[in-house]
Amino acid sequence: MSADLVRLDKFLSASDKMLSRREASEAVRRGRVAIDGKTVTDSKVRVGSSCSVTLDGEPIFYRRYVYLMMNKPKGTIVASSDSHGEMLVTDFLPGELLRRGVFPVGRLDRDTTGLLIFTDDGNSAHRALSPKSHVSKIYAFECTPPLTEASRRKIEGGVDIGERDGKGRVILTAPAKIEDGRISVTEGKFHQIKRMFHAAGHEITSLSRMEFAGISLDTTLEAGGWRYLTDAETSLFTKDDMIKGDF
Ligand code: URA
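(A) Just the site of the ligand, in detail. In the neighbourhood of the ligand, the contacting residues comprise L108, D109, T112, Y139, H191, Q192, I193, K194 and L207. In the environment of the ligand, an oxygen atom lies 3.0 Å from a nitrogen or oxygen atom belonging to the backbone of K194. Coverage of the ligand by the protein chains reaches 95% of its 240 Å² of free accessible surface. Here the element with the most residues in the shell around the ligand is helix 6 (residues 192–199); it accounts for three residues. Across the shell around the ligand, the residue classes break down as four nonpolar, three polar and two charged.

Structure below.
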């Protein structure tokens, strides 16, 4: 937290305990909250960055923004609403996070699984998604027919997936790297990987994102499971100079 003061109920609802504003006020009213060891009963008091706040005696930490990763299950839609009855990735998150305004960073197709980051930090999300950032993304794939050496080289060098510039000239995909059933790319166009393989005569039969901006999927997360990013992962996501593809 910066040196700014923030109201106690806001502090509590933006903390790692994820209380709603109502739960926060209730906890304060019941004397469960202390600032610097002194019980407070007014949720309007202001908390500074040097204060230590406890709930039932346990320290709680303010989160200016939240960052989390989900292991996206197959058959789920990356959208915030308008699912037409289909399962959304946000259905796996608690209401408190959604009320905070947490949203998925970028998209994965319905049949794609793996690493999906969520945040309420619009600036970092915007930077991660900007084509100018060339943020590295790694996908595990299976394709049919099996990849040949010639196709691997072709995809790595750049293929025509139908993108054209203002004068109608072909824009090839940026260089990629394929190794051990994984492809690393820096672009994130609609159906990027499927279109790249299709352009080389292969169809993707399975796709799972394993890395984004240097952050690896926590493979202990079950499908639909999520966890907060660690501090190290958060700094990979928020630093000005995100991890780029280097090929
Ligand atoms: N490329 C695709 O084709 N699909 C995804 O879901 C992600 C990247």
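(B) Seen up close, the side chain of N71. Note on placement: N71 falls in strand 7 (residues 67–72). Among the residues examined, N71 registers a relative accessible area of 13% and is labelled buried. At a separation of 2.9 Å, a polar atom in the side chain of N71 contacts the main-chain carbonyl oxygen of L221. Non-local contacts of N71, meaning those with residues more than four positions away in its chain, are made with G114, L217, L221, E222, A223, G224 and G225.

(C) Highlighting the packing of aromatic side chains. Taken as a whole and judged by the stated rule, the model has four aromatic pairs. Centroid distance Y67 to F237: 5.9 Å. Interplanar angle 65°. Geometry classified as edge-to-face. Placement of the pair is Y67 in strand 7 and F237 in helix 7 (residues 231–238), with a sequence separation of 170 residues. Classification of Y67 by relative accessible area gives buried; the value is 9%. When the ring of F141 is compared with that of F197, the centres are 4.7 Å apart and the planes differ by 55°; the resulting orientation is tilted. Of this pair, F141 sits in strand 10 (residues 137–144) while F197 sits in helix 6; the two residues are 56 residues apart in sequence, bridging distant segments of the chain. A residue is classified by how much of its surface remains accessible, and F141, at 11% relative accessible area, is buried. Assessed through its relative accessible area of 0%, F197 is described here as buried. Between R64 and the ring centre of Y65, over which it is positioned, the NZ or CZ distance is 4.4 Å.

(D) Fine view of the nonpolar core. Among the nonpolar cores identified, the biggest contains 28 residues, and F118, F141, I183, I193, M196 and F197 are the most heavily contacted of them. Among the secondary structure elements, those contributing two or more residues to this core are strand 7, strand 9 (113–119), strand 10, strand 14 (182–185), helix 6 and strand 15 (203–212). Contacts of I193, omitting those with residues within four sequence positions, involve Y139, I183, V185, I204 and L207. The next biggest cluster of nonpolar side chains, apart from the first, holds 18 residues, and it includes M69, A125, L236 and F237.

(E) Fine view of helix 2 (residues 21–29). What helix 2 keeps buried is the set A24, A27 and V28. The arc that holds the buried residues of helix 2, viewed along the axis, is 100°, so those residues lie on one side. Residues R22 and R29 are exposed on helix 2 and point more than 90 degrees away from its buried face. Summarising the contacts, the buried residues of helix 2 are in contact with helix 1 (8–13), strand 2 (33–35) and strand 5 (53–55). Looking at the residues trailing helix 2, positive phi occurs at G31, about 75°.

Reading the values: rules and limits
- Residues numbered from 1 in each chain as written.
- Predicted model: local features only at pLDDT ≥ 70, side-chain atom pairs only at ≥ 80, totals over all residues.
- Heavy atoms only, no water.
- Near = heavy atom within 4 Å.
- Polar contact = N/O pair within 3.5 Å; in protein donor to acceptor, adjacent residues only side chain to side chain.
- Areas by Shrake-Rupley, 256 points an atom, 1.4 Å probe, with all protein chains shown as cover.
- Helix = DSSP H or I, 4+ residues; strand = E, 2+ residues; numbered from the N terminus.
- Nonpolar A, V, L, I, M, F, W, Y, C, P; charged D, E, K, R; others polar.
- Buried < 20%, exposed > 50% of the residue type's maximum accessible area, 1.4 Å probe, protein only.
- Contact = heavy atoms within 4.5 Å.
- Phe/Tyr/Trp six-rings, centres within 6.5 Å; stacked < 30°, edge-to-face > 60°.
- Lys NZ or Arg CZ within 6 Å of the ring centre and 35° of its normal.
- Core = buried A, V, L, I, M, F, W, Y, C linked by side-chain atoms within 4.5 Å.
- Arc of directions from axis to C-beta.

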